[in-house]
Amino acid sequence: MCIIVVASNNSGTGKTTAVLSLAAALAMIASDLPTVLIDLDPRGDATRRMGFAPETDLLGALIDGRRLSADHMGSFNVLDAARQTNEHFAIVPVSSDIAAVETRFAARSGGTSLLIYRLHALGRDCHLVIDTAPGNTTFLGRAAIVAADVVIVPVRPLPGADRDAIAVVNQLRGMAGT
């Protein structure tokens, strides 16, 4: 299992291109386990670029650990919810009601710890690549960053990009409590 999060403070950094390329490359070189991309970016760019539309409560059901239907028996697996792409990896499309998923977890006592636990549970049988919202300000995005084994921070090749990268690193340190 490996959880990789791609996070950026700004839009226009190539985050979606990076996350899609990373998922495809990981699927090819780490074929011991399936690779699943989870789209947590409310804009849903990765979902749309792979030819899918946002889906109602799919992400919420996945994170909550609920079965998607009566047909899903036994333990819940991320692959049950993922949609297969032509790039050798699967994607869990962004939820059209991602704000409701955010609210549901943020309102829970211990919601962050629960979400981190769920992400680790989802990643038991696969490699996870997670696309977060710009600014890393969403509850789901922050929890994904804390749960990650690796965080990749793309920046724009412009003057001041070093300050953006330092700001993200400081934000990540704050999330990790270091």
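Summary of the structure given here. Fair warning: this is a prediction, and the values are worked out from it, not measured in the lab. (Residues numbered from 1 in each chain as written. Predicted model: local features only at pLDDT ≥ 70, side-chain atom pairs only at ≥ 80, totals over all residues. Heavy atoms only, no water.)

Remarks on the sheet that holds strand β1 (residues 2-6)
The cut-off we apply is this: Note on pairing: two strands pair once DSSP finds at least 2 bridges between them. Strands are runs of DSSP state E lasting at least 2 residues, helices are runs of H or I lasting at least 4, and numbering of each runs from the N terminus. Contacts are residue-level and defined by heavy atoms, with any inter-residue pair within 4.5 Å sufficient. For helices, the fitted axis covers only the stretch in contact; all axes are lines through C-alpha atoms, and the angles between them, taken along N-to-C directions, range from 0 to 180 degrees.
Spatially, 6 strands are ordered β3-β4-β2-β5-β1-β6 in an open sheet, and the strand pairing comes out mixed. Unpaired on one side and paired on the other, β3 (83-84) and β6 (150-152) mark the two borders of the sheet. Where β1 meets strand β5 (residues 127-131), 5 bridges bridge the pair, whose relative direction is parallel. Across the sheet, Ile3 pairs through a bridge with Leu128, a residue of β5. Of the strands in this sheet, β1, β2 (35-39), β5 and β6 are in contact with helix α1 (residues 15-29), which crosses β5 at around 170 degrees.

Focus: the environment of Asn9
Of note, Asn9 is situated in the loop between β1 and α1. Taking the C-alpha atoms as reference points, Asn9 and Ala165, 156 residues apart in sequence, are found 8.2 Å from one another.

Details of the pairing of β1
Here is the rule: The classification of residues rests on relative accessible area computed with a 1.4 Å probe and restricted to protein chains. Under 20% of the type maximum is buried, over 50% is exposed, and intermediate values are partly exposed.
Most of β1 sits out of view: 5 of its 5 residues are buried. Going residue by residue along β1, you find Cys2, Ile4 and Val6 tucked away on one face and Ile3 and Val5 tucked away on the opposite face as well. With 3 bridges connecting them, β1 and β6 associate as parallel partners. Opposite Ile4, over in β6, you have Val150 as the bridge partner.

Focus: the nonpolar core
We apply this condition: For the purposes of this section, nonpolar cores are sets of buried Ala, Val, Leu, Ile, Met, Phe, Trp, Tyr and Cys residues that join through side-chain atoms within 4.5 Å.
Grouped together as the largest cluster of nonpolar side chains are 27 residues, with contacts concentrated most on Val5, Val36, Ile38, Leu119, Leu128 and Ile130. For this core, the secondary-structure elements that each account for two or more residues are β1, β2, β4 (90-92), α5 (98-106), α6 (111-122), β5 and α7 (139-147). Per element, the largest residue contribution to this core is 6 residues, and it comes from α7. Within the second largest apolar cluster, 16 residues are counted, among which are Cys2, Ala23, Ala24 and Ala27.

What to know about the packing of α6 against α7
Put simply, the test is: Every angle not falling under 35 degrees, over 145, or within 65 to 115 is termed oblique; those three ranges are roughly parallel, roughly antiparallel and roughly perpendicular. Crossings are sorted by hand: turned counterclockwise from the far helix by less than a right angle, the near helix makes the crossing left-handed, and turned clockwise it makes it right-handed. Classification convention: Asp, Glu, Lys, Arg as charged; Ala, Val, Leu, Ile, Met, Phe, Trp, Tyr, Cys, Pro as nonpolar; all other residues, Gly among them, as polar.
Two elements in contact, α6 and α7, have axes separated by 9 Å at closest approach and are oriented at 60 degrees. On the basis of their axis angle, the class for α6 and α7 is oblique. Note on packing geometry: the crossing formed by α6 with α7 is right-handed. On α7, the residues touching Gly111, Thr112, Leu115, Ile116, Leu119 and His120 of α6 are Phe139, Leu140, Ala143, Ala144, Val146 and Ala147. Class assignment of the residues belonging to the contact of α6 with α7 gives a composition of 9 nonpolar, 3 polar and no charged.

What to know about the side chain of Thr47
Note the following rule: Under this definition, polar contacts are N or O atom pairs within 3.5 Å; protein pairs additionally need one hydrogen-donor-capable and one acceptor-capable atom, and for neighbouring residues in sequence, both atoms have to be side-chain atoms.
Position of Thr47 relative to the elements: it lies in helix α2 (residues 45-49). Side-chain polar atoms of Thr47 contact the side chain of Asp39, separated by 2.7 Å. Polar side-chain contacts of Thr47 include one of 2.9 Å to the backbone nitrogen of Val94. Not counting chain neighbours up to four residues away, the residues in contact with Thr47 comprise Asp39, Phe52, Ala53, Pro54, Ile91, Pro93 and Val94.

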